[in-house]
Amino acid sequence: MSALEVVAIILAGLAAGTINTIVGSGTLVTFPTLLLFGYPPVSANVSNSLGLVPGGLTGTWGYRHELRSLGPMLRRLGPASLLGSVIGALLLLWLPPAAFETIVPVLILIALLLVVFGPRLQRWAARQHADRITPGRWVALIVGILLAGVYGGYFGAAQGVLLLGIMSILLPLGLQQINGIKNVLATIANLVAALVFLVVAPELVDWVVVLLISIGSLLGGLIGARVGRRMPPNVLRAVIVVIGTVAIVNLLVT
């Protein structure tokens, strides 16, 4: 591994940790970076999931003030994210690599659309808020979190954007509180998927990559929680779209 590769992967982890904490699309930085350096897609995805866990933990810690009164809600929603991520991780391991290589460009495209249209979705959702969560909303919320967990366990790019969209529609909370919940649920999905990979298919893990991404994402989570919210959203979205587009092209031509 060259010095350039080491630095590039650490910086990708740093960017991913920051972006995940702010909105959630960090995999669209780290995953294409690993592909550009020639790592097999499934191994890159597994190693990436493990490497981003520290960033999720520091990002969640950074939102601890917003989460103080939300323990009961997290205890309701956490199991859905956990179960979904187990299903998604097992699907990744059970389906053939060719299926992953076919599905992932579509998932990245969906993720990019979520990134681009996320603000419009949130503005629309703000007009739909009710002052309380009805039983029907609870059911829709838990099902949505479960499906987002499956997505996160299988691939995870823009899982945070998906969670923000779902919860913005169904929860009568402020965006910062919703973002705090998003960080917890996405971290659960990444952590549980990582544990499944370690138990079922440890041979897919590239520990050097995990270490490098972990170093970057650990710092990125702190940056995202403290100062990342000052970044111009349009600039951030533009960077994510460019990187994601490169990833799609790279997957389709290789």
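As the structure is a computational prediction, the values presented were derived from the model and not from experiment.

Colleague: Which residues make up a nonpolar patch on the surface, and what are the values?
Modeller: On the surface, Leu 83, Ile 87, Leu 91, Leu 95 and Ile 103 cluster together into a nonpolar patch covering about 360 Å² of accessible area. No other element matches helix H4 (residues 71-94), which puts three residues into the nonpolar patch. Given the relative accessible area of 34%, Leu 91 is considered partly exposed.

Colleague: Pulling in residues and values, what's your account of the nonpolar core?
Modeller: With 39 residues, the main nonpolar core has Phe 31, Leu 34, Leu 92, Phe 100, Ile 108, Phe 155 and Phe 197 as its most contacted residues. Counting only elements with at least two residues in this core, the list comes to helix H1 (3-22), helix H2 (27-36), helix H3 (41-62), H4, helix H5 (97-126), helix H6 (135-154), helix H8 (175-200) and helix H9 (207-226). By size, the runner-up hydrophobic cluster in this structure holds 24 residues, among which are Leu 67, Ala 148, Ile 178 and Ala 186.

Colleague: Quick rundown of the packing of aromatic side chains? Include the residues and the values.
Modeller: Evaluated as defined, the whole model comprises one aromatic pair. Taking 5.1 Å as the distance between ring centres and 80 degrees as the angle between the ring planes, the aromatic pair formed by Phe 31 and Phe 155 counts as edge-to-face. Pair noted here: Phe 31 is in helix H2 and Phe 155 is in the loop between H6 and helix H7 (159-170), with a separation of 124 residues, a long-range link. By relative accessible area, which is 1% here, Phe 155 ends up buried. Sitting over the face of the ring of Trp 61, Arg 64 holds its NZ or CZ atom 3.7 Å from the ring centroid. One cation-aromatic arrangement involves Arg 76 over Trp 138; the distance from NZ or CZ to the ring centre is 4.4 Å.

Colleague: Summarise the UniProt feature "transmembrane region" (unreviewed entry) in the chain; cite the residues concerned and give the values.
Modeller: In the UniProt entry, the feature "transmembrane region" (unreviewed entry) is given for residues 6-39, 77-96, 102-121, 184-201, 207-228 and 235-253. This span, residues 6-39, is 79% helix and 0% strand, and a straight line between its end C-alpha atoms measures 13 Å. Measuring from the first to the last C-alpha atom of residues 184-201 gives 25 Å, for a span that is 94% helix and 0% strand.

Here is what the cut-offs are and how they apply
Residues numbered from 1 in each chain as written. Predicted model: local features only at pLDDT ≥ 70, side-chain atom pairs only at ≥ 80, totals over all residues. Heavy atoms only, no water. Patch = residues over 30% accessible without salt bridge, like charges linked within 9 Å, V, L, I, M, F, W, Y side chains within 5 Å. Areas by Shrake-Rupley, 256 points an atom, 1.4 Å probe, with all protein chains shown as cover. Salt bridge = Lys/Arg side-chain N within 4 Å of Asp/Glu carboxyl O. Helix = DSSP H or I, 4+ residues; strand = E, 2+ residues; numbered from the N terminus. Buried < 20%, exposed > 50% of the residue type's maximum accessible area, 1.4 Å probe, protein only. Core = buried A, V, L, I, M, F, W, Y, C linked by side-chain atoms within 4.5 Å. Phe/Tyr/Trp six-rings, centres within 6.5 Å; stacked < 30°, edge-to-face > 60°. Lys NZ or Arg CZ within 6 Å of the ring centre and 35° of its normal. UniProt positions renumbered as here; feature names shortened; annotations may be inferred.

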